[in-house]
Amino acid sequence: MGQAAALERQMMDAVVARDFATLRDLYHPDYVYWSSDSDEEQKGADAGVAVAETFTTAFPDMTFEIVQSAEDGDRAIIEFVARGTHQAELEGIPATGRACEIKVCNICDIADGKIVREREYWDSATLLKQFGVMDG
């Protein structure tokens, strides 16, 4: 495993462990986060940590199961399954108490030994259906 894949896995481990200090240290000063659910870039380490805090608050028992990973130079890609119980408000949706599972693809670009850009792809409709707020 090269540096890019190692950093991406360290990031995922820090999120699951709720180790936000380590997470912040993994981010480059020019860090940018983008997710398919909002299509807006969020800039800076604080933005990345805020995303992690949002989801770990909503899903305090959240875990990640890595399905596969790949690395190409300074880019790492991980496909994983996120699981957890919706126990707190998430983006305006009150806690449902429902167990949820969603497939995610995460791509990280590395610069100067840090994560400089992160892109996450997932189907928010799948999550909304599991919450019971969207028919499916």
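Right above here is the structure, for reference.
Predicted model only: the values in this text are computed from it and were never measured. (Residues numbered from 1 in each chain as written. Predicted model: local features only at pLDDT ≥ 70, side-chain atom pairs only at ≥ 80, totals over all residues. Heavy atoms only, no water.)

Caption draft 1: Representation of the nonpolar core within the structure. Within the largest apolar cluster, 36 residues are counted, with the highest numbers of intra-cluster contacts made by Met-11, Leu-23, Tyr-27, Phe-59, Ile-115 and Leu-127. Broken down by secondary-structure element, the contributors of at least two residues to this core are helix H1 (3-17), helix H2 (20-26), strand S1 (27-35), helix H3 (45-58), strand S4 (75-85), strand S5 (99-111), strand S6 (114-122) and helix H4 (124-131). For this core, the leading source of residues is H1, giving seven residues. Residues in contact with Tyr-27, not counting those within four places in the same chain, are Met-11, Ala-45, Gly-48, Val-49, Lys-114, Ile-115 and Glu-118. (Core = buried A, V, L, I, M, F, W, Y, C linked by side-chain atoms within 4.5 Å. Buried < 20%, exposed > 50% of the residue type's maximum accessible area, 1.4 Å probe, protein only. Helix = DSSP H or I, 4+ residues; strand = E, 2+ residues; numbered from the N terminus. Contact = heavy atoms within 4.5 Å.)

Caption draft 2: Molecular detail of the pairing of S1. Most of S1 sits out of view: seven of its nine residues are buried. Examined bridge by bridge, S1 and S6 share five bridges and lie parallel to one another. Residue pairing across strands places Tyr-33 opposite Glu-118, the latter belonging to S6. Looking at chain direction, S1 and strand S2 (residues 42-43) are connected through two bridges and run antiparallel. Across the sheet, the residue bridging to Val-32 is Lys-43, located in S2. What sits between the antiparallel neighbours S1 and S2 is a turn of six residues, in which Asp-39 has the positive phi angle 60°. (Pairing = 2+ DSSP bridges.)

Caption draft 3: Up close: H4. What H4 keeps buried is the set Ala-125, Leu-127 and Phe-131. The arc that holds every buried residue of H4, seen down its axis, measures 160°, which confines them to one face. Packed against the buried residues of H4 are S5 and S6. A side-chain oxygen of the first residue of H4 lies 3.1 Å from the backbone nitrogen of Ala-125; this N-cap is Asp-123. Positioned one or two residues after H4, Gly-132 has a phi angle of 85°, which is positive. (Arc of directions from axis to C-beta. Polar contact = N/O pair within 3.5 Å; in protein donor to acceptor, adjacent residues only side chain to side chain.)

Honestly, it's all geometry; don't read function into it.
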